[in-house]
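# Architecture and fold: a report
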Amino acid sequence: METNKEFATLILPEKDPIRIPVITDNMGAKSIDIHSLRKDTGYITYDPGFVNTGSCTSGICYVNGEQGILRYRGYDIEDLVENCDFVEVAYLLIKGELPNTTERRRYAELLNKESLLHHDMQSFFRSYPFKAHPMSVLAAMSVSLSAFYPEMDDIDPELQVDLAVTRLVSKVRTIIAFIYRHMKGEDFVNPSYKYSYCENFLNMMFKSSVIEYQINPLYVKALNQLLILHADHEQNCSTTAVRLIGSSDANLYASVSAGICALWGPKHGGANQAVIEMLEFAHEQKMSAQDIVNKAKQKDSGFLLMGFGHRVYKTYDPRAKIAKRLCQEVLAESGETDPLLELAMELEEVAVNDSYFKERSLYPNVDFYTGLIFRRIGIPTNMFTCMFAMGRLPGWIAHWLEWNKDPYGKIGRPRQVYSGPYIRKVQSLNDR
Ligand code: CMC
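Here's what I pulled together on the structure shown here. (Residues numbered from 1 in each chain as written. Predicted model: local features only at pLDDT ≥ 70, side-chain atom pairs only at ≥ 80, totals over all residues. Heavy atoms only, no water.)

This part covers the overall build of the protein. Check the secondary structure of the protein and you find 18 helices and six strands. For a compact globule of 432 residues, the expected C-alpha radius of gyration is about 22 Å, and the protein comes in at 24 Å, within 12% of that figure. Oriented by its inertia axes, the alpha-carbon framework of the protein measures out at about 80 × 65 × 55 Å. When each of the 432 residues of the protein is scored for burial, the buried share is 47%. For the protein, restricting intrachain contacts to residue pairs at least 6 apart in sequence, the fraction spanning at least 24 positions comes to 71%. Split by element, the accessible area of the protein, about 22,600 Å² in all, is 51% carbon and sulfur. Charge centroids of the protein, computed over 47 positive and 53 negative side chains, lie 4 Å from each other. (Helix = DSSP H or I, 4+ residues; strand = E, 2+ residues; numbered from the N terminus. Rg over C-alpha atoms; globule rule 2.2 N^0.38 Å. Buried < 20%, exposed > 50% of the residue type's maximum accessible area, 1.4 Å probe, protein only. Contact = heavy atoms within 4.5 Å. Areas by Shrake-Rupley, 256 points an atom, 1.4 Å probe, with all protein chains shown as cover. Lys, Arg positive; Asp, Glu negative; His and termini not counted. Charge placed at Lys NZ, Arg CZ, Asp CG, Glu CD.)

This is how it looks when you write it as structure tokens:
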């Protein structure tokens, strides 16, 4: 990264022009460094939704929204999906490098060792209504880990951070499977040393004492790939939440729990649930792809085409391409057609050729096809966003760790443009 070789000039009313440093990042993109603007001029910048604001420097993830590029630590998403499993990608994001054979084995062993949930925590599940949204339980359980594994209060020793990170990656998977068992009113199935990360998850979810459950290798592959697709996406809403909460020196579990809450919204990770609900509704109502697109174009309908559009991608989301391919592979296995997949593909065709969507550069995003795969694996619709969270976890952790080591790390505290009354006097209660 180059700094202070170039300057932009800012001309403000009744002030001398000021020179503002321009930063060129490792990919050649330029930023104007305004960090001392208010101190130097009294002005702040106004950028609702942080559309143009770089909140940090980060070496974890690269997204190029114009060209549809996504890389983790320099590796292309296609390369990672084809050649690594989720545990390797989690290691890459968290530690910075892909593991070698010994590191990979040790990490997998450690993940298995840390996968059990404290017995007292297990009793929490029973206090939740069966119909509670799984994301509410996941957020509460994640922050509860700080009560049961409080070592993170002293974040100095590197080893403790390592342990907390491994616990989180491992236990969140157990928590999600237990949420499902609780929803079904079934006993929990504990993780087993015999299985890989994704096998273990499927076994904890679906093992039954009355019906034989065989772990399907295609579902294991699909799960690995889906979790990799979700593993990081630079400064998105939930990652920004994790960094912001972490910037107050809140512990890792608390910060991640905030990320889970941010992810829940239908404009973010909740979109995968919303896509399936939209497709099911349209199918039941016998709406055509064109009907759905027409509705999404009506501004007063309050309806958006879920799984379409992205703040950064102004072309096809590279994750959507991979998810579509995977979806076709998983659904083809049974030899049956899925009317929702057919509708989704038709919808994509109609939308990408429609002038409204073209003019606004709206393309399928990661959530458009992933729900169809989760559904086929047997995961209920209201748990899709938990699956997104399980995938995004290494990304959140990597950003939390990066922030903790950032020599310029400051508590996050944006300014505002005030729009309230100037000053008022309190009137007595009878006069109001
Ligand atoms: N359907 C119909 N119109 C849309 C859609 C959509 N899905 N998305 C954006 N638009 C329109 C929007 O109304 C606006 O129109 P106009 O210029 O006439 O006012 C224009 O396109 C630009 O949209 P925006 O809302 O300014 O874009 P944004 O960057 O603020 O929002 C988004 C991005 C992802 C929140 C939005 O596209 C959306 O709500 N999509 C549907 C929900 C979804 O699929 N979310 C998952 C995002 S990817 C995974 C993740 O981040 O978790």
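From this point, things continue past the structure.
What follows concerns the nonpolar core. With 117 residues, the main nonpolar core has Tyr72, Leu138 and Ile379 as its most contacted residues. With sequence-adjacent residues up to four places away left out, tyrosine 72 is seen in contact with Ile60, Cys61, Ile77, Leu80, Val89, Leu92, Leu93, Ile228, Leu229, His230, Ala231 and Asp232. (Core = buried A, V, L, I, M, F, W, Y, C linked by side-chain atoms within 4.5 Å.)

All right, on to the pattern of salt bridges then. Per the stated rule, a full pass over the model turns up 18 salt bridges. A salt bridge links glutamate 109 to arginine 105; the shortest N-O distance between them is 3.5 Å. Remark: arginine 105 and glutamate 109 occur in helix 4 (residues 101–113); sequence separation between them is four residues, near one turn of the helix. Using a relative accessible area of 45% as the deciding quantity, one classes arginine 105 as partly exposed. Across the salt bridge formed by lysine 171 and glutamate 114, the nearest N and O atoms sit 4.0 Å from each other. Separated by 57 residues along the polypeptide, lysine 171 in helix 7 (residues 158–184) and glutamate 114 in the loop between helix 4 and helix 5 (119–125) bring together distant segments of the chain. On the accessibility criterion, glutamate 114 (10% relative accessible area) is buried. Via salt bridges that share partners, Glu78, Glu82 and Arg325 belong to a single interconnected network. (Salt bridge = Lys/Arg side-chain N within 4 Å of Asp/Glu carboxyl O.)

Before going further, it helps to spend a moment on the environment of tyrosine 72. Along the polypeptide, tyrosine 72 turns up in strand 5 (residues 69–72). Considering only alpha carbons, one finds tyrosine 72 and leucine 93, 21 residues apart in sequence, at a separation of 6.9 Å. At 2.7 Å, the side chain of tyrosine 72 forms a polar contact with the backbone oxygen of isoleucine 228. A polar contact of 3.3 Å, which involves the side chain of tyrosine 72, links it to the backbone oxygen of leucine 229. (Polar contact = N/O pair within 3.5 Å; in protein donor to acceptor, adjacent residues only side chain to side chain.)

With that settled, consider the site of the ligand. Residues in contact with the ligand amount to 22 residues; listed here are only the nearest, His268, Lys299, Leu305, Gly307 and Arg311. At 2.8 Å, a side-chain N or O of lysine 299 approaches an oxygen atom of the ligand. A distance of 2.9 Å separates a nitrogen atom of the ligand from a polar backbone atom of phenylalanine 308. About the coverage of the ligand: the protein hides 73% of its 930 Å² of free accessible area. Looking at the shell around the ligand, its residues break down into eleven nonpolar, six polar and five charged. (Near = heavy atom within 4 Å. Nonpolar A, V, L, I, M, F, W, Y, C, P; charged D, E, K, R; others polar.)

Quick look at the packing of helix 12 (residues 271–284) against helix 15 (residues 339–352) now. It is the contact of helix 12 with helix 15, at a shortest axis distance of 10 Å, that shows an interaxial angle of 100°. Overall, the two elements helix 12 and helix 15 adopt an arrangement that is roughly perpendicular. On the side of helix 12, the interface is formed by Met278, Leu279, Glu280, Ala282 and His283, while helix 15 contributes Pro339, Leu340, Leu343, Ala344 and Leu347. When grouped by side-chain class, the residues that make up the contact of helix 12 with helix 15 number eight nonpolar, one polar and one charged. (Axes fitted to C-alpha atoms, helices over the stretch in contact; angles between N-to-C directions. Parallel < 35°, antiparallel > 145°, perpendicular 65-115°, else oblique.)

This part covers helix 14 (residues 318–333). The terminal C-alpha atoms of helix 14, which comprises 16 residues, lie 24 Å apart, in line with the 22 Å expected from a rise of 1.5 Å per residue. Looking only at helix 14, the buried set comprises Pro318, Arg319, Ala320, Ile322, Ala323, Leu326, Cys327, Val330 and Leu331. Against strand 5, helix 2 (77–83), helix 9 (217–230), helix 15, helix 17 (367–377) and helix 18 (384–405) lie the buried residues of helix 14. (Expected span 1.5 Å × (residues − 1).)

Right, let's talk about the side chain of serine 142 for a bit. Summarising the element assignment, serine 142 is placed in helix 6 (residues 134–148). You can call serine 142 buried: its relative accessible area is 0%. With residues near it in sequence (within four places) discarded, serine 142 still touches Val172, Tyr253, Ser257 and Ile260.

With that settled, consider the sheet that holds strand 6 (residues 75–76). An order of 4-5-6 is seen for the three strands of this open sheet, with the pairing classed as antiparallel. Edge positions in the sheet fall to strand 4 (61–64) and strand 6, since each has one partner strand and no second. Bridge analysis of strand 5 against strand 6 gives two bridges, and the strand direction is antiparallel. Bridge assignment links tyrosine 72 to a residue of strand 6, and that residue is tyrosine 75. (Pairing = 2+ DSSP bridges.)

With that settled, the discussion passes to the environment of tyrosine 369. With respect to the element layout, tyrosine 369 can be found in helix 17. Accessibility expressed as a relative area gives 0% for tyrosine 369, which makes it buried. Residues in contact with tyrosine 369, not counting those within four places in the same chain, are Tyr316, Ala320, Ala323, Lys324, Cys327, Leu341, Ala344, Met345 and Glu348. Engagement of the side chain of tyrosine 369 in a polar contact is seen with the side chain of glutamate 348, the distance being 2.4 Å.

Here we come to the packing of aromatic side chains. Geometrically, a pair of aromatic rings is defined through the distance of the ring centres and the angle of the planes. Under the criterion given, the structure shown has 14 aromatic pairs. Residues tyrosine 91 and tyrosine 107 carry aromatic rings whose centres are separated by 5.2 Å and whose planes lie at 80° to one another, so their mutual orientation is edge-to-face. Residue tyrosine 91 is found in helix 3 (residues 86–95), and its partner tyrosine 107 is found in helix 4; the two are separated by 16 residues along the sequence. Tyrosine 91 gets classed as buried once you look at its relative accessible area, which sits at 10%. Seen in terms of ring centroids, phenylalanine 178 and phenylalanine 188 are 4.3 Å apart; in terms of plane orientation they differ by 5°. Their pairing is stacked. In this pair, phenylalanine 178 is assigned in helix 7 and phenylalanine 188 in the loop between helix 7 and helix 8 (197–206), connecting sequence segments ten residues apart. Taking relative accessible area as the criterion, phenylalanine 188 reaches 21% and is therefore assigned partly exposed. Ring pairing ties together the aromatic residues Phe308, Tyr356, Phe357, Phe368 and Tyr369, which thus form one cluster. For arginine 19, the ring lying beneath its charged end belongs to phenylalanine 7, and the centroid distance is 4.0 Å. (Phe/Tyr/Trp six-rings, centres within 6.5 Å; stacked < 30°, edge-to-face > 60°. Lys NZ or Arg CZ within 6 Å of the ring centre and 35° of its normal.)

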